[in-house]
Amino acid sequence: MISRRRLLAASAGATLASPAIFGLNAVAQIRRGDELVVGIWGGAQERITRQHIVRPLEEKYGVKINYVLGGTPERRARAYQERGRPSFDLIYLNIFESRQAVRDGVTQAPAIDRVPNAKNLYESAKLGGYGVAFNPVTVVYDKRKGEVTSWKDLWKPEWKGRIAWPSYPGAQGTAALLMVAKLFGGSERAIDPGFAKIRELKPFAAIQGSQDQLYTMFDQGVADISIEFGSFTRSYAESRNPNIAIANPVEGQVIATNVACPTVGTKNQALVEAFIDLHLSEACQMQYARDIYYSPTVSGLNIPADLAPKLVLGADVNKLVDFDWDHVIAQQAAWTSRFNREIAG
């Protein structure tokens, strides 16, 4: 029999605990004092998520959310080393890293029914975790030197020797290799045409390894054209270099997605899912779109008329060029060696 003292103590403990959310069971509750560790990119993404996610959660539930900032290679490596005993509760990965991490048992597949705003996700944002931003890759160029309406325009004489080709394996370099292969009779499963056609573009003005490197090369007149994320380049063009244009090639832009990935073994499942739900909220998605031109991954938002042309929305999401990323990542080591030997060398 439970004594009255023990019964009162149990009742007091229940009062202190935060309520369950989203109808989860007693194990998956947010409790005052819980701490969440999130691996995410810095810059505008840190600022926006702190405003629209961290602050509301900490104020509402009395929890603490800690960020580990950096690029995906570092947090991906750490998450793999800690598989099954994660220090991260949530990590952000790119489109192919996220799908691989689910297959390797490092992160969880999405559970759409437990995250209310996830029901509005586009289908392509439900793979490998919860897509939080579309950030397509395309050709970017100095519009004073020519016009680009097709990926095949890269082979026009006016760009010879003026191309800054993206390094591999990165999202931009991967998208470029796959797109070139696709356009010239190959595919991700027949990659030879891609390497052959890229070799034809040599010599390059440079091999670019980051947006900062590329934009400095544009500013200094080292290169006139490259392959990059359209969102970052639009921000750069509007703030620093109005001569740079973002192409919308007839063959399409290559899909790229930032994905929120709960780790397998997190002790804070409900708090992780509350974090993701706020990331998919209209307030956070719209701030992403306004500040850094990240296209929303959820439908039904009220997009202002002046902003809509700068984003990928609605039916255009389904026109983004997609690939078999499981196969692509399986080939990554071999293609990296080949890129270094045939393209960068």
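Up top you'll find the structure we're talking about.
This is a predicted model, so every value here is computed, not measured. (Residues numbered from 1 in each chain as written. Predicted model: local features only at pLDDT ≥ 70, side-chain atom pairs only at ≥ 80, totals over all residues. Heavy atoms only, no water.)

Describe in detail the sheet that holds strand S5 (residues 137–142), supporting the description with residues and values.
Reading across from one edge, S7-S6-S8-S5-S9 is the order of the five strands in this open sheet, with mixed pairing throughout. Every interior strand has two partners, whereas the edge strands, strand S7 (206–208) and strand S9 (244–246), have only one. Taken pair by pair, the neighbouring strands of this sheet meet at an average axis angle of 35°, ignoring direction. As judged from the three bridges shared by strand S6 (residues 163–166) and S7, these two strands associate in the parallel manner. The residue of S7 that forms the bridge with Pro166 is Gln208. Contacts from helix H7 (residues 211–220) reach S5, S6, S7, strand S8 (225–229) and S9, with the element oriented near 145° to S8. (Pairing = 2+ DSSP bridges. Helix = DSSP H or I, 4+ residues; strand = E, 2+ residues; numbered from the N terminus. Axes fitted to C-alpha atoms, helices over the stretch in contact; angles between N-to-C directions. Contact = heavy atoms within 4.5 Å.)

With reference to specific residues and values, describe H7.
Within the span of H7, buried status applies to Leu214, Tyr215, Met217 and Phe218. Relative to the axis of H7, the buried residues are bounded by an arc of 155° and lie together on one face. In H7, those exposed residues whose orientation departs by more than 90 degrees from the buried face are Asp212 and Gln220. Looking at the buried side of H7, the elements it contacts are S5, S6, S7, S8, helix H8 (230–239) and S9. Gly221 sits one or two positions beyond H7 and adopts a positive phi of about 75°. (Buried < 20%, exposed > 50% of the residue type's maximum accessible area, 1.4 Å probe, protein only. Arc of directions from axis to C-beta.)

Please set out the sheet that holds strand S10 (residues 257–262) residue by residue, giving values where relevant.
In space, the five strands of this open sheet follow the order S2-S1-S3-S10-S4, with mixed pairing throughout. A strand with exactly one partner marks an edge of an open sheet, and here the two such strands are strand S2 (64–69) and strand S4 (130–134). Between one strand axis and the next, the sheet turns by 20° as a mean value, whatever way the strands run. Looking at chain direction, strand S1 (residues 35–40) and S2 are connected through six bridges and run parallel.

Hey, could you go over the pattern of salt bridges for me, with residue numbers and the actual values?
Two side chains with opposite charge may pair up if their charged atoms get near one another. One pass over the structure, following the stated rule, counts 19 salt bridges. Measuring nitrogen to oxygen at the nearest pair gives 3.5 Å for the salt bridge that ties Glu82 to Arg78. Its relative accessible area of 28% is what places Arg78 among the partly exposed residues. Put simply, Glu342 and Arg338 hold a salt bridge, and the shortest N to O gap is 2.7 Å. One end of the pair, Glu342, and the other, Arg338, are both in helix H12 (residues 332–342), four residues apart, so they sit about a helical turn from each other. The same class applies to Glu342 and to Arg338, which are both buried. Among the ionic contacts, a cluster of salt bridges with common partners joins Asp192, Arg199, Arg338, Arg341 and Glu342. (Salt bridge = Lys/Arg side-chain N within 4 Å of Asp/Glu carboxyl O.)

Any chance you could break down the pairing of S1 for me, citing the residues and the numbers?
For S1, the tally of buried residues reaches five of six residues, placing the bulk of the element in the interior. Taken together, S1, helix H2 (residues 44–61) and S2 form a β-α-β motif whose crossover is right-handed. Sheet topology places S1 next to strand S3 (residues 90–93); two bridges connect them, and they run parallel. Each bridged residue has a counterpart across the sheet, and for Gly39 the counterpart in S3 is Ile91. (Right-handed = clockwise from strand over helix to strand, strands pointing away.)

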